[in-house]
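Analysis of the macromolecular model
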Amino acid sequence: MAFTIPKENYNGKVYEVELGVGDRAIKIGGESTLPFLSFEGEMPNRPSIAIEIQDLPPNDWPDTVKKVYEKVSSNPVAWAKFCQDELKADAVALRLISTHPDQKDTKPEDAAKLVSEVLNVISIPVIILGSEHIEKDIAVLKTVAETAKGKNCIIGKAQEENHKTIAAVAMANEHKLIAMSQLDVNLAKQLNILLTQMGFVKERILTDPMSSALGYGLEYTYSVMERIRLAALQQNDGAMQPPLVCDIGKNVWKTKETIAAEAELPEWGSLEERGIIWEAMTAAGMIMAGANLLVMRHPKAIELTKKLIEELR
Amino acid sequence: MALSGVEIFKHLPKTNCKKCGFPTCLAFAMKLAAKGVSIDACPDISEEAKKLLGEASAPPIRLITIGAGDKAVKVGEEVVLFRHDKKFFNPCGFAVAIKDTESSDEIKKKIEAVKTSEIDRVGQKLRVEMIAVTDAANDPAKFASVVKNVVDSAPGVPLILHSMNPSVIEAGLALCADKRPLIYAATNENAEAMAKLAKDKKCPLAIYANGLDALTSLSEKVKGLGVEDIVLDSGARKAKDMLEHFTMIRRSAVKKSFKPFGYPVIAFANRDDSMMEALIAGIGVMKYASIIVLSSIEKWKMLSLLTLRQNIYTDPQVPMQVEQKIYKVGEATDKSPVIVTTNFSLTYFIVRGEIENSKVPCWLAILDVEGLSVLTAWAAGKFSPAKIAAFVKESGIEKTVSHKEVIIPGYVAVLSGSLEEKLGEGWKVVVGPREANALPAFLKSRGA
Ligand code: B12
Ligand code: SF4
C-alpha cells in the first residue's frame with residue numbers, strides 16, 4: 001500500500017486584517033488551512049502577540065509577572081514604551097481597567113487623554129480594551145475611539161449587549177473591533193451577523209471566543225475555536241472567518257498555579273517557572289486551536305510562544 | 001473502513017431470533033455500526049462473517065498496552081481527529097528518558113522523580129507513567145545493569161527499551177520481558193531481529209523510519225513478520241514535522257482506514273531548554289501523540305503537561321462532576337458552617353481544597369447543576385434560590401447542625417435575599433468571598 005498525503009479540500013479562508021499604521025503595522029489571519037498545516041494550504045501570517053498593560057499599577061498581578069514591570073508600571077506611557085523598545089512587542093494591549101465603576105470610575109475624557117499620550121510615544125499597533133463593564137464601556141470606548149482616529153487600532157470588546165454603539169464608533173473612526181461572545185460557536189456567529197447587519201464591514205471584525213486558562217476551562221475555548229475554524233474553512237461561512245483573538249493573560253495570572261508559593265505546595269515545583277509555563281502552555285493551546293492574536297503578560301512566556309511559533313512554521 | 005448498519009446486516013443470520021437482546025437483526029446491525037455492542041452478542045453468526053465484521057468494526061487505531069499490572073499504560077483506540085467530534089479516549093503516556101551513561105546519582109534522582117510524580121487534580125490521580133531506558137553506550141551489559149536498576153527500584157513502572165541494537169535490547173529484555181516493555185525501535189536495517197524479539201517475548205514494538213513513505217513500508221514489513229502490536233515513529237522531532245506527520249497519520253488511519261498507520265504514535269520532545277521541551281510535548285498532547293518521551297520531568301513542567309492532558313482528554317459532552325450530597329470536610333460537628341456550591345468537579349475540588357487548607361471543619365453542600373461552575377450554573381438558571389433551598393431542606397442538614405446558616409459563593413451574592421426568603425423563617429444566608437483562595441482567611445476570621 002502506498003502512502004498518499006490525506007489532504008482536506010477547503011474552500012474558505014480566514015480574513016487577513018491589518019493593524020496599526022506605517023512600517024510597524026502588522027497583518028494577521030489570511031490562512032486557508034488549519035494552523036500550520038502547510039501541506040494543504042497557506043498561512044501567510046504568523047500569530048502575533050500583544051503585551052498587555054493597564055492604566056492602573058498591576059497590584060493584583062502575581063509577583064512573577066508584576067516584578068518584570070516594576071520600574072514602569074506606575075506610568076502606562078512609560079510601560080507602553082518599554083514594551084515596544086525593550087521587549088520588542090508586536091503590539092500593545094492597553095486595558096482601561098480604571099474606568100470600571102468598582103475601580104476608579106475614571107472618566108472617558110481622562111481615559112482618552114491617556115490613550116492619546118500612549119499613541120504619541122509608540123508606533124506599534126495598539127489594542128484598546130475597556131473594563132468589560134457593559135454600560136461604562138459604551139461611553140469610554142466611544143471617546144477613546146475618536147481620540148485614536150487614524151491609528152487603525154483595535155477597539156474592544158463589543159459584547160451582545162453593547163455591540164451597536166461600540167461598533168458604530170469603531171466604524172466611524174476606522175478601527176478594527178473585537179467581538180466577544182461566551183464560549184459558544186453559535187453565539188460567536190450570531191454576534192458577527194448582527195454586526196454585519198448593522199453595516200459593519202466584516203473584514204474589520206476580530207472574534208474573541210472568550211479565553212480560559214490551562215486547567216480552568218481551556219478545553220472549552222479550544223474546542224469552540226477548532227469548530228469556528230473548521231466552519232470558516234469547510235463551510236466557507238463568512239461569519240466564522242474573522243481572525244481569532246485570545247485574551248489569556250488575565251485568565252492565566254489569577255489561577256492558583258501562578259500564585260501559590262512552592263513552600264505551600266512543594267508538589268507543584270518552582271513558582272517562577274510554573275507561572276511562566278502556565279501562560280506559555282495556555283498560549284500554545286490557543287495557537288493550535290487557531291488563534292491569530294494573543295494578549296499576554298509575561299515576556300518570557302511570550303518569548304517561548306514565539307519560539308514555538310517559529311518552530312511550527 | 002467502518003461499515004454501515006445495512007452493510008453489516010447483509011452478513012447476519014437474518015432470523016430475528018432476538019438472542020442478542022435486540023428485536024431484529026437489523027437493529028443489532030445498527031447498534032454494531034455505532035460501535036455500541038460487541039459482535040459476540042449474536043451466537044449464530046458464521047465464523048466467516050464474524051472475521052469480516054470484526055475487522056471492519058475494529059477501531060481504526062489499535063489499542064496497545066505497555067507494561068503489566070495495575071500501572072500498565074493503554075494507548076491508541078482513538079476514533080476522531082477533533083475532541084468535539086466525540087472525545088479522545090486513552091490519554092497519552094509520559095515517559096522520562098534515562099541514558100545508560102548517566103551517573104548513578106542522576107539515575108536515582110530521575111527514578112525518584114517518577115515515583116513521586118503523582119498529583120491529584122480535580123479528583124484524578126495523574127503522573128509520569130513510564131521510564132525509557134536509553135542505550136547511549138552501545139554495551140548490552142551496561143544497558144542491562146540500568147534496566148535492572150530501574151526494575152528493582154521502580155517496580156511496576158512500565159518500561160521503554162530504547163536501542164537500535166538488537167543485542168542490547170535482548171540483554172534488557174532478559175530482565176523484564178514478562179513486564180511487557182515497549183521495544184524501541186525496529187528500523188529497516190534491524191527489522192527481522194527486532195521483530196523476532198518482540199514476537200518471542202510478546203512485547204509491543206516501536207518502528208522508526210525517516211518520513212511517512214518509509215514508515216509505511218516498514219510498518220507493512222514488520223506486520224508481515226508477525227508483529228501485531230506496533231507503535232509508530234516517523235522521525236519527526238521539530239514541532240512542525242510532529243504536527244504535520246501526526247496529523248497525516250491520524251487522518252490516514254481514521255478517515256482512510258490506512259492500515260499501516262492504524263497504530264499509536266510515539267513522540268520525542270527533548271530540548272536543552274526545559275520550558276521549550278514542555279511546549280513541544282504540549283503539541284504532542286494536543287495533536288495525536290500517544291506516548292511522549294521527555295528528557296526531564298521537573299514538577300512545574302509536569303503539572304502543566306498533566307493538566308493539559310487532562311483538559312484535552314475530558315469528555316466534551318459530559319463535564320466532570322461529583323454526586324449531589326452534603327460532604328463532611330474534617331471533623332465537622334453540629335456547630336460547623338454549611339457551605340453551598342455546585343457539583344462541577346473543578347469547583348468542588350477547589351472549594352474542598354481550600355476548606356481543608358483552612359483547617360476549619362465544614363459541611364459542604366453540593367447541588368447537582370449538571371456539572372456547571374457557579375456562574376455558568378447561575379446564568380443557566382440551575383443554581384437558583386428555589387433549587388438551592390429545596391436541596392438544603394431535603395438534604396436533612398437541619399437535623400445535623402444546630403444553626404440555620406448557609407454560606408454562598410461571593411459571585412452569586414445577588415441570590416442571598418431571595419434564598420433567605422425561600423429557606424424560610426430563621427434562616428440566614430452569608431455571602432462568602434468571590435475566590436475560593438480567600439476562604440481560609442474568611443472561615444478563620446469567623447472564629448468557627
Ligand atoms: C467554561 C465556561 C462555560 C462552559 C461550562 C463549564 C462548566 N462546566 O461550568 C460552557 C461553555 C458550557 C459555558 C456556558 C455558558 N456560560 Co459560561 N463560562 C465559562 C467560564 C469561561 C469559566 C467557568 C469556570 O469553569 N470557572 C471555574 C470554576 C471553578 O469557577 P466557580 O465554579 O465559579 O468557582 C470559583 C468561585 O466561584 C469560588 N467558589 C465556588 N464555590 C464557592 C463557595 C463559596 C462559599 C465561596 C466563598 C467561593 C466559592 O471558587 C472557585 C475558584 O475561586 C466563565 C468565565 C470565567 N472565566 O470565569 C464563563 C461564565 C461563567 N459563563 C457565563 C455565561 C453567561 C454562560 C452561558 C449562559 C452563555 C450562553 N448564553 O449560552 C452558558 C450557560 C450554560 C448552559 N448550560 O446553558 C458567564 C456568566 C455571567 C454572569 N455573571 O452571570 C461567565 C462569567 C462569562 C462572562 N464573563 O460572561 N460556560
Ligand atoms: S442474535 Fe443474531 S440472529 Fe438473532 S436477532 Fe440477533 S443478530 Fe439476528
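Since this is a predicted model, take the numbers as computed values, not measurements.

**With respect to the overall build of chain A**
Scanning chain A from terminus to terminus reveals 10 helices and 10 strands. Taken over C-alpha atoms, the radius of gyration comes to 19 Å for chain A, in line with the 20 Å a tight globule of 313 residues would show. Considering chain A as a whole, with its 313 residues, one finds that 62% of them fall into the buried category. Residue pairs in contact within chain A that sit at least 24 positions apart in sequence constitute 68% of those at least 6 positions apart. When the accessible surface of chain A is summed, it comes to about 11500 Å², and 48% of that surface belongs to carbon and sulfur atoms. The averaged location of the 44 negative side-chain charges in chain A is 4 Å from the averaged location of its 35 positive side-chain charges.

**Let's talk about the pattern of salt bridges**
According to the stated counting rule, one finds 46 salt bridges over all chains in the structure shown. Salt-bridge contacts for B:E118 lead to B:R127; the nearest nitrogen and oxygen are separated by 3.7 Å. Through salt bridges with shared partners, one network takes in A:E52, A:R95, A:E132, A:K157, A:D208, A:D247, A:K250 and A:R297.

**Focus on the side chain of A:R274**
Relative to the helices and strands, A:R274 resides in helix α9 (residues 271-289). No salt bridge is formed by the buried A:R274; its nearest oppositely charged neighbour, A:E262, is found at 6.0 Å. A polar contact of 2.7 Å, which involves the side chain of A:R274, links it to the backbone oxygen of A:G269. Excluding its chain neighbours within four sequence positions, the residues that come into contact with A:R274 are A:K256, A:E257, A:A260, A:A261, A:E262, A:L265, A:W268, A:G269, B:W300 and B:L303.

**Some remarks on the domain arrangement of chain B**
When cut into domains, chain B gives domain 1 (5-57), domain 2 (64-312) and domain 3 (325-447). One C-alpha centre belongs to domain 2 of chain B, the other to domain 3 of chain B; they are set 45 Å apart.

**Some details on the interface of chain A and chain B**
Chain A puts 51 residues into the contact, and the matching count from chain B is 52 residues. Around 4700 Å² of area is buried between chain A and chain B when both sides are counted, 67% of it from carbon and sulfur atoms. Contact with chain B buries surface across chain A, with A:M1, A:F3 and A:E311 losing the most and accounting together for 16% of the total. Summed over the shared surface of chain A and chain B, the number is eight salt bridges. One can count 18 residue pairs in polar contact (both at pLDDT 80 or more) joining chain A with chain B. Listing elements by their share of the side of chain A that touches chain B, those giving two or more residues are α7 (218-234), α9 and α10 (299-312) of chain A. Looking at the side of chain A that touches chain B, the element that brings in the most residues is α9(A), giving 10 residues. Split into classes, the residues belonging to the side of chain A that touches chain B amount to 29 nonpolar, seven polar and 15 charged.

**Some details on the site of ligand 2**
In the vicinity of ligand 2, the contacting residues are B:P13, B:T15, B:N16, B:C17, B:K18, B:K19, B:C20, B:C25, B:F28, B:C42 and B:P43. Split into classes, the residues belonging to the shell around ligand 2 amount to seven nonpolar, two polar and two charged.

What counts as what
- By convention here, each chain's residues receive numbers from 1 onward along its written sequence.
- Numbering of ligands from 1 and lettering of chains from A proceed in the order in which they are written.
- Local features in a predicted model are, by the rule used here, given only for residues with pLDDT of at least 70; side-chain atom pairs are given and counted only at 80 or more, and totals for whole chains, interfaces and linings are based on all residues.
- Working from all heavy atoms in the structure, the side-chain values ignore hydrogens and water.
- Going along the chain from the N terminus, every DSSP run of H or I of four or more residues is numbered as a helix, and every run of E of two or more is numbered as a strand.
- The globule rule used for comparison is 2.2 Å times the number of residues to the exponent 0.38, while the radius of gyration itself is calculated over C-alpha atoms.
- Buried residues are those whose accessible area, probed at 1.4 Å on protein chains only, stays under 20% of the maximum for their type, while exposed residues exceed 50% and partly exposed ones sit between those limits.
- Working rule for contacts: check all heavy atoms of both residues, and any pair within 4.5 Å makes them a contact.
- For the area figures, the Shrake-Rupley method with a 1.4 Å probe applies, and any residue is considered shielded solely by the protein chains shown.
- Here Asp and Glu are counted as negative and Lys and Arg as positive; His is not counted, and neither are the chain ends.
- For charged residues, the charge sits on one atom: NZ in Lys, CZ in Arg, CG in Asp, CD in Glu.
- Salt bridges are defined as contacts in which a side-chain nitrogen from Lys or Arg sits within 4 Å of a carboxyl oxygen from Asp or Glu.
- The definition of a polar contact used here is a pair of N or O atoms within 3.5 Å, where within protein one atom must be able to donate a hydrogen and the other to accept one, and adjacent residues in sequence count solely through side-chain atom pairs.
- Segment limits for the domains were obtained from an automatic or database-derived domain assignment.
- We define buried area as the total accessible area lost by two parts upon association, computed with a 1.4 Å probe and summed across both.
- We call Asp, Glu, Lys and Arg charged. Ala, Val, Leu, Ile, Met, Phe, Trp, Tyr, Cys and Pro are nonpolar, and the rest, Gly among them, are polar.
- Proximity criterion: a residue is near a molecule or strand once any of its heavy atoms comes within 4 Å of it.

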